[in-house]
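# What the coordinates show
Listed below, chain by chain, are the residues.
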Amino acid sequence: MGKIVAVTNQKGGVGKTTTATNLSALLGSLGQRTLIVDIDPQGNATSGLGAEAGETSVYEALLGRAAMSAAIWPTDWPGLDIAPGDIRLAGAEVELVTVAQREYRLRQVLTAVKDRYDYILVDCPPSLGLLTLNALTAADSALIPIQCEYYALEGLSSLMSTMRRVQHSFNPNLRIEGILLTMMDGRTRLSSQVAEEVKRHFGRQVYGVTIPRSVRLGEAPSHGEPIHVYDPKSAGALAYGVLTREFLARNK
């Protein structure tokens, strides 16, 4: 049965989608049957993997207009399927408000396909709205990318508070998969201070690898390719390779 991991942070620009796409593609390349579910209305995980949302996407599945299996498509990358998302998901936030058990919609639709995969990664919107709530209610764990910047811990505090509420009301089994430090610039004192502070607060929950600032990581999505395909020798590709191995080691 597939493990569901929500890749989430309510702050934008922290490397959330970059992490979701590259980790899922690398897991697939290592023989893990992997599905990435794009529930961000911006659809960046979808375009970043060279896919597109057709007539049937995760939006239709969430609203009960199509089976989840009909919303899943193969990608060009070995072992990786995608449930694409697009701007229609912005409407789902409103349309789901009147639906019974609205917080459980994603969990319900993923149950039908969960056995097909080893890992299901959900790329969440940069908010703590109903779509993110659905992801946390469906997930076994949350992987949290944090940018090495001044306000990182402040945003993390809000997310932890939300996770506690989800554990109490909807998903008592939700746990932290890991905290990933992103956009690390080893030349600046601030990045090092933030990294030290996060590790002091969360200890072994923080991944050993840090993701560096990288122009190549920013370029890869515009070509519809994960970084290990676009530039396998880049610092970003090497870092995500280490993350993938660390992720698998924690999930033995």
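These notes cover the structure that comes with them. Given the structure is predicted, the values throughout are model-derived calculations rather than measurements. (Residues numbered from 1 in each chain as written. Predicted model: local features only at pLDDT ≥ 70, side-chain atom pairs only at ≥ 80, totals over all residues. Heavy atoms only, no water.)

### Re unusual backbone geometry
In this structure, Gln-101 is a non-glycine residue whose phi angle is positive, near 50°. Tracing the chain through its elements places Gln-101 in the loop between helix 4 (89-95) and helix 5 (105-111). The phi dihedral of Met-183 falls on the positive side, at around 55°, and the residue is not glycine. If you trace the backbone, Met-183 turns up in strand 7 (residues 175-184). (Helix = DSSP H or I, 4+ residues; strand = E, 2+ residues; numbered from the N terminus.)

### Overview of the sheet that holds strand 7
Reading across from one edge, 3-4-2-5-1-6-7-8 is the order of the 8 strands in this open sheet, with mixed pairing throughout. Looking along the sheet, the strands with just one partner apiece sit at the ends: strand 3 (73-74) and strand 8 (206-212). With 5 bridges joining them, strand 2 (residues 34-38) and strand 5 (residues 119-123) adopt parallel strand pairing. Paired with Thr-34 across the strands is Tyr-119, a residue of strand 5. (Pairing = 2+ DSSP bridges.)

### A look at the side chain of Thr-162
Structurally, Thr-162 can be placed in helix 7 (residues 152-169). Residues contacting Thr-162, with those up to four places away along its chain left out, are Leu-128 and Leu-136. (Contact = heavy atoms within 4.5 Å.)

### Looking at the packing of helix 7 against helix 8 (residues 189-202)
In contact at an axis separation of 10 Å, helix 7 and helix 8 are set at 30° when each is read in the N-to-C sense. Classified by the angle between their axes, helix 7 and helix 8 sit roughly parallel to one another. Two secondary-structure elements touch here, helix 7 through Ala-152, Leu-153, Leu-156 and Met-160 and helix 8 through Val-194, Glu-197, Val-198 and Phe-202. Taken together, the residues of the contact of helix 7 with helix 8 break down into 7 nonpolar, no polar and 1 charged. (Axes fitted to C-alpha atoms, helices over the stretch in contact; angles between N-to-C directions. Parallel < 35°, antiparallel > 145°, perpendicular 65-115°, else oblique. Nonpolar A, V, L, I, M, F, W, Y, C, P; charged D, E, K, R; others polar.)

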